[in-house]
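The primary structure of each chain is shown beneath.
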Amino acid sequence: MEKSNIHEQTTSVKDLPQDLFDELRKYIDGLEDRKGSLINILHKAQSLFGFLPREVQLFIARELGIPGSQVFGVVSFYSYFTTKPTGKYTISLCMGTACFVKGADKVKFKLEEKLGVKFGETTPDGLFTLRDVRCVGACGLAPVVLVNEKVYGNVTENDVDRILSDYQE
Ligand code: FES
């Protein structure tokens, strides 16, 4: 098959590998304060699976002996966590106040125009996911864009092409 698509490049729920659940269980078992470590556990789970589908959230709830609704509540509160498969590169645009007043909305519009998807969506080739986040604590660099872990500061709409070209294959 020549052309790949998002379904081939990202993990579907039914394909969640058992060994990742085993690794997550091992991580949880190694924690001293399990119930007080929900956020850390969710970070670990997202780094293992790439996202936090319902099955993973329920697994964590069972392991901790807490209601699933408690886990769902935390996942939906923090914009960092995602319940959908993501692309190879996640472009996170800060929409906190400092970034917003310095023109993050223009950057947002340009990213959507260039990639042909809206925020919260992944490009059909599975390369980029667009998401907006709250203040990432780098207001002096506003507007701020992160591509996975790499930080770009003082970004304007004119920088979008250059940033994307660093990752386009
Ligand atoms: S508001 Fe964007 S980094 Fe703080």
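Residues numbered from 1 in each chain as written. Predicted model: local features only at pLDDT ≥ 70, side-chain atom pairs only at ≥ 80, totals over all residues. Heavy atoms only, no water.

(A) Fine view of the overall build of the protein chain. Along its length, the protein chain carries eight helices and four strands. Mapped in sequence order, the helices and strands of the protein chain form the string α-α-α-α-α-β-α-α-β-β-β-α. Over its C-alpha atoms, taken along the principal directions, the protein chain stretches across nearly 50 × 45 × 25 Å. Across the protein chain, every contact between residues at least 6 apart in sequence was considered, and the portion connecting residues at least 24 apart equals 63%. Each charge class in the protein chain was averaged separately, 21 positive and 23 negative side chains, and the resulting centres sit 4 Å apart. (Helix = DSSP H or I, 4+ residues; strand = E, 2+ residues; numbered from the N terminus. Contact = heavy atoms within 4.5 Å. Lys, Arg positive; Asp, Glu negative; His and termini not counted. Charge placed at Lys NZ, Arg CZ, Asp CG, Glu CD.)

(B) Representation of the confidence of the model for the protein chain within the structure. Looking at the protein chain, pLDDT values average 89 and 92% of them are 70 or higher. Within the protein chain, helix α1 (residues 6–9) has the poorest average pLDDT of any element, 37, and helix α7 (residues 104–115) the best, 98. This model gives residues 1–12 a pLDDT under 50, and the stretch forms 15 contacts once residues within four places in sequence are excluded. (pLDDT = per-residue confidence, 0-100.)

(C) Main features of the pattern of salt bridges. If you walk through the whole model with that rule in mind, you get seven salt bridges. Residues joined by salt bridges that share partners form a network here, namely D22, R25 and E63. (Salt bridge = Lys/Arg side-chain N within 4 Å of Asp/Glu carboxyl O.)

(D) Examining the domain arrangement of the protein chain more closely. What the domain assignment lists for the protein chain is domain 1 (18–77) and domain 2 (89–166). For domain 1 versus domain 2, the distance between C-alpha centres works out to 28 Å. (Domains from an automatic or database assignment.)

(E) Main features of the nonpolar core. Judged by nonpolar contacts, the single largest core of 26 residues is most densely connected at I91, L111, F128, V145 and V147. In this view, L111 contacts I91, G116, F119, L130, V160 and L164; residues no more than four positions away in its chain are not counted. With 24 residues, the next largest nonpolar core counts A45, F59, V75 and F81 among its residues. (Core = buried A, V, L, I, M, F, W, Y, C linked by side-chain atoms within 4.5 Å. Buried < 20%, exposed > 50% of the residue type's maximum accessible area, 1.4 Å probe, protein only.)

(F) Just the packing of aromatic side chains, in detail. Taken as a whole and judged by the stated rule, the model has six aromatic pairs. A ring pair is formed by F77 and Y78, whose centres lie 5.0 Å apart and whose planes are at 85°; its orientation type is edge-to-face. Accessibility expressed as a relative area gives 36% for Y78, which makes it partly exposed. Each member of the aromatic cluster is reached from another via a ring pair, and the members are F21, F49 and F59. Between K108 and the ring centre of F119, over which it is positioned, the NZ or CZ distance is 4.9 Å. A cation over an aromatic ring shows up here: R134 above the ring of F77, its NZ or CZ 5.8 Å from the ring centre. (Phe/Tyr/Trp six-rings, centres within 6.5 Å; stacked < 30°, edge-to-face > 60°. Lys NZ or Arg CZ within 6 Å of the ring centre and 35° of its normal.)

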